[in-house]
Amino acid sequence: VQLQACGGGMVQAGGSLRLSCATSGLTFSNYDMGWFRQAPEKEREFVAVINWYGGRTYYADSVRGRFTISRDDARNTVFLQMNSLKPEDTAVYYCAAKLRYGGPSYYEKRSYMYWGQGTQVTVSS
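Values in this document were obtained by computation on a predicted structure and should not be read as measured data.

Before going further, it helps to examine the overall build of the protein. Along the backbone of the protein there are zero helices and eleven strands. Viewed in the frame of its principal axes, the protein has a C-alpha envelope of about 40 × 30 × 25 Å. In the protein, buried positions account for 44% of the 125 residues. Within the protein, residue pairs in contact and separated by at least 24 positions form 58% of the contacts whose partners lie at least 6 positions apart. Here the protein displays about 6,400 Å² of accessible surface, and carbon together with sulfur accounts for 46% of that area.

So, about the pattern of salt bridges. Taken as a whole and judged by the stated rule, the model has eight salt bridges. Of the charged contacts, one joins Glu45 and Arg37 as a salt bridge, the two residues approaching to 2.7 Å between their closest N and O atoms. Among the charged side chains, a network of salt bridges with common partners joins Arg37, Glu45, Arg66 and Asp89.

With that settled, the discussion passes to the environment of Met113. One can find Met113 in the loop between strand E9 (91-99) and strand E10 (114-115). Spatially, the C-alpha atom of Met113 lies 20 Å from that of Tyr59, the residues being 54 residues apart in sequence.

Right, let's get into the state of the cysteines. Scanning the model with the defined rule gives one disulfide in all. Residue Cys21 pairs covalently with Cys95 via a disulfide, S to S 2.1 Å. Between Cys21 and Cys95 the sulfur-sulfur dihedral comes to about 60°; the bridge is accordingly right-handed. Pair noted here: Cys21 is in strand E3 (residues 17-24) and Cys95 is in strand E9, with a separation of 74 residues, a long-range link. Judged on exposure class, the residue Cys21 and its partner Cys95 are both buried. Lacking any disulfide linkage, Cys6 is separated from the closest cysteine sulfur, that of Cys21, by 8.4 Å.

Criteria and cut-off values
Residues numbered from 1 in each chain as written. Predicted model: local features only at pLDDT ≥ 70, side-chain atom pairs only at ≥ 80, totals over all residues. Heavy atoms only, no water. Helix = DSSP H or I, 4+ residues; strand = E, 2+ residues; numbered from the N terminus. Buried < 20%, exposed > 50% of the residue type's maximum accessible area, 1.4 Å probe, protein only. Contact = heavy atoms within 4.5 Å. Areas by Shrake-Rupley, 256 points an atom, 1.4 Å probe, with all protein chains shown as cover. Salt bridge = Lys/Arg side-chain N within 4 Å of Asp/Glu carboxyl O. Disulfide = S-S within 2.5 Å.

This is how it looks when you write it as structure tokens:
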């Protein structure tokens, strides 16, 4: 199983980025797909999740209204559209796959079976 995240970069505050995470080796439609992020010297934290059939999405309070998660099952890919970026959004962003109905919670790292390698997002003020 591989999860390959890309799309990170450097942007000024107020700008936008779109992250992608292409997967292989798993039956994509059986997995809830999430994004987490980790800033320097901080714990990895939940950002957003989309459930296995795409009917439900959940967001961290800090990004709700600015970020949008989506999935394309034909391409086995999950996306994170990030608008109105703030310096506090600076982090390494990770995509992750959680087996549907598996794990205790969408919001907990331990619920996710597979992780991508991360992509750096840097927002300057």
